[in-house]
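Residue-level listing of the chains:
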Amino acid sequence: MRTDTPRFIASQAILWLHADGTETRIEARIGEPYQVDARTWACPAALEGVDGRYPDIFGDGSMQALSLAMGLIATRLGHMLENDAQLVYPEDRSPWNGATFGAANPAARVVHRRDD
């Protein structure tokens, strides 16, 4: 289910640099949560240039719907880093900061191992 008239309240332009040298411009967008019934809320989300607009993300309250929509965008952007691809800001091609979507920059992720 999707609202026919989403009100997008936040967006971020990102450039996806593929390992083969091609580029894809992405516009990540989050909409204003809206109430579905007494307890359920939904939030529009889109990843234009890749997946387009998703079905609205439902949650138990506006905060959860918004959080889940942001998480979906962050997860999908993380998937795009496979096969030596990069995500950068289009203006200056500096590395994209995944904290925009509440996630650490997947490209800068450090794995800590426990010494046993």
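Chemist: Where do I start with the pairing of strand E1 (residues 8-17) in this structure?
Modeler: Every regular strand shows the same layout, with side chains that alternate between the two sheet faces. In the sheet, E1 pairs with strand E2 (residues 23-31) via 9 bridges, with the strands oriented antiparallel. Residue pairing for E2: Trp16 is matched across the bridge by Thr24. Two successive antiparallel strands, E1 and E2, enclose a turn made up of 5 residues, where Gly21 displays a positive phi of approximately 95°. Pairing of E1 with strand E8 (residues 86-88) involves 3 bridges; the strand directions are antiparallel. Residue Leu15 lies in a different strand from E8, and its bridge partner there is Val88.

Chemist: Would you mind going over the sheet that holds strand E6 (residues 52-53) with me for this structure?
Modeler: The pairing of strands in a sheet happens through backbone hydrogen bonds and is either parallel or antiparallel. Strand order in this open sheet of 5 strands is E6-E5-E2-E1-E8, and the pairing throughout is antiparallel. Looking at strand neighbours, the two that pair on one side only are E6 and E8, the edges of this open sheet.

Chemist: Please clarify how the pairing of strand E5 (residues 45-48) should be interpreted in this entry.
Modeler: In this structure, E2 lies alongside E5, joined through 4 bridges in antiparallel fashion. Bridge pairing in E5 links Glu27 to Glu48. In this structure, E5 lies alongside E6, joined through 2 bridges in antiparallel fashion. Considered in E6, the bridge of Leu47 is made with Gly52. A loop of 3 residues connects E5 with E6, the two strands running antiparallel in sequence, and Gly49 in this loop sits at a positive phi of about 100°.

Chemist: For this particular structure, what's the right way to read the nonpolar core?
Modeler: Soluble globular proteins tend to pack their nonpolar side chains together in the buried interior. The biggest cluster of nonpolar side chains holds 20 residues, and the ones touching the most others in it are Ile26, Leu47, Ile73, Leu77, Met80 and Leu87. Mapped onto this core, the elements with two or more residues apiece are E1, E2, E5 and helix H1 (62-79). Of all the elements, H1 adds the most residues to this core, at 4 residues. With sequence-adjacent residues up to four places away left out, Ile26 is seen in contact with Gln12, Ala13, Ile14, Trp16, Leu47, Glu48, Val50, Leu77, Met80 and Leu87.

Chemist: What is the right way to read H1 from this model?
Modeler: Residue pairs spaced three or four apart in an α-helix point in one direction, given the helix's 3.6 residues per turn. Taking 1.5 Å per residue, 18 residues should reach 26 Å; H1 reaches 26 Å between its end C-alpha atoms and fits that length. Taken as a whole, H1 has its buried residues at Ala65, Ala69, Ile73, Ala74 and Leu77.

Chemist: I would appreciate a short explanation of the packing of aromatic side chains in the present structure.
Modeler: In this structure the tally under the stated criterion is 0 aromatic pairs. Over the face of the ring belonging to Phe8 we find Arg29, whose NZ or CZ atom lies 3.9 Å from the ring centre.

Rules of the game
Residues numbered from 1 in each chain as written. Predicted model: local features only at pLDDT ≥ 70, side-chain atom pairs only at ≥ 80, totals over all residues. Heavy atoms only, no water. Pairing = 2+ DSSP bridges. Helix = DSSP H or I, 4+ residues; strand = E, 2+ residues; numbered from the N terminus. Core = buried A, V, L, I, M, F, W, Y, C linked by side-chain atoms within 4.5 Å. Buried < 20%, exposed > 50% of the residue type's maximum accessible area, 1.4 Å probe, protein only. Contact = heavy atoms within 4.5 Å. Expected span 1.5 Å × (residues − 1). Phe/Tyr/Trp six-rings, centres within 6.5 Å; stacked < 30°, edge-to-face > 60°. Lys NZ or Arg CZ within 6 Å of the ring centre and 35° of its normal.

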